[in-house]
Amino acid sequence: MQFLKKITLLIIVSLSISSYAQSDIVDIIVTSSDHTTLVTAIKAAGLVSTLKEDGPYTIFAPTNEAFDKLPPKQIATLLNPENKATLASILSYHVIAGSLTETEIINKINVENGSFIVQTVNGQQLVATLKDNKIVITDTTGHTSLLTKTDINGKNGIIHVIDTVLKPSN
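Treat the numbers as computed from the prediction; the structure is a model and nothing was measured. Residue numbers restart at each chain and count upward from 1, following the sequence in its written direction. Per-residue local features of the predicted model are confined to residues with pLDDT of at least 70, and side-chain atom pairs are confined, for both listing and counting, to 80 or more; whole-chain, interface and lining totals are unaffected and use all residues. With hydrogens and water set aside, each side-chain value is computed from the structure's full complement of heavy atoms.

Chemist: Got a minute to help me understand the side chain of Thr120 in this structure?
Modeler: In this description a helix means any DSSP run of H or I spanning at least four residues, a strand means any run of E spanning at least two, and both kinds are numbered starting from the N terminus. Among the secondary structure elements, Thr120 is positioned in the loop between β3 (115–119) and β4 (125–131). Not counting chain neighbours up to four residues away, the residues in contact with Thr120 comprise Ser92, Tyr93, Val95 and Leu126. Two residues qualify as a contact provided that any one of their heavy atoms is within 4.5 Å of a heavy atom in the partner residue.

Here it is as structure tokens:
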């Protein structure tokens, strides 16, 4: 009977993993209760259709708690229609054209002598480093964000969850 339970659990896990792989990155983020602010922002910035394209993309997805670290009322201001371009620029700063797994990022950090520079979709750079065997992303303003969950695979890219909103330079 234990064997049957283990097989059933294995089948359920396999189906869950393969269903994620069939979903695009937007569909995956939409199902996450930890990313409701990000979903609202993606919709307000008009980026849903872009992020549903073939890609591949790598997204550094800030959690609701990451958005809560922003100054009071900043997210509300960014969600106003007149700030759509600014919001789109900030969000596209969290996106890389191409697919980068956690292992690939770590390998590139090691090959590049401790830091790996990545070009974001908005044209600015992020720097990936390692601290205590964790990937740290540093934005152009010097703020850092830690990858807290990695390699969430969708059919058009990879999502890495981060704990701080990245800020491009103006």
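More follows now that the structure is in view.
Chemist: It is not clear to me how empty space enclosed by the protein should be interpreted in this structure. Could you clarify?
Modeler: Which parts of space are left empty comes out when a probe the size of a water molecule is rolled across the atoms. Only protein atoms enter the 1 Å grid used here. Points where a 1.4 Å probe fits but cannot escape make up a cavity, open sets with protein on both sides within 12 Å along at least five of seven lines make up a pocket, and a residue lines them when an atom lies within 4 Å of a point. Grid points are joined across faces, edges and corners, and a volume is the space filled by probe spheres set on the points. Summed over the entire model, instances satisfying the criterion amount to 1 cavity of 30 Å³ or more. Put simply, the largest cavity is a space of about 60 Å³. Around the largest cavity, the lining residues are Leu38, Ile42, Leu47, Leu51, Ile59, Phe60, Pro62, Leu91, Ser92, His94 and Val95. At the level of elements, α3 (36–44), β1 (57–62) and α7 (84–92) are the ones that each hand at least two residues to the lining of the largest cavity. With 3 residues, β1 is the single largest residue contributor to the lining of the largest cavity. In terms of residue class, the lining of the largest cavity is made up of 9 nonpolar, 2 polar and no charged. Think of it as three bins: nonpolar holds Ala, Val, Leu, Ile, Met, Phe, Trp, Tyr, Cys and Pro, charged holds Asp, Glu, Lys and Arg, and polar takes everything else, Gly as well.

Chemist: It is not clear to me how the pattern of salt bridges should be interpreted in this structure. Could you clarify?
Modeler: Side chains bearing opposite charge may pair, as long as their charged atoms lie close to each other. Salt-bridge detection follows one rule: a side-chain nitrogen of Lys or Arg within 4 Å of a carboxyl oxygen of Asp or Glu. Under the criterion given, the structure shown has 2 salt bridges. The residue Asp24 makes a salt bridge to Lys52 at a minimum N-O spacing of 2.8 Å. Of the two residues, Asp24 sits in the loop between α1 (2–22) and α2 (25–30) while Lys52 sits in the loop between α4 (48–51) and β1, which places them 28 residues apart along the sequence. Lys52 is the partner of Asp27 in a salt bridge, and the nearest nitrogen-oxygen pair spans 2.8 Å. Here Asp27, found in helix α2, pairs with Lys52, found in the loop between α4 and β1; they are 25 residues apart in sequence, far enough to count as distant. Accessible area is worked out with a 1.4 Å probe on protein chains only. A residue is then buried under 20% of its type maximum, exposed over 50%, and partly exposed in between. Exposure remark for Asp27: the relative accessible area of 34% places this residue in the partly exposed category. Within the structure, one salt-bridge network assembled from shared partners comprises Asp24, Asp27 and Lys52.

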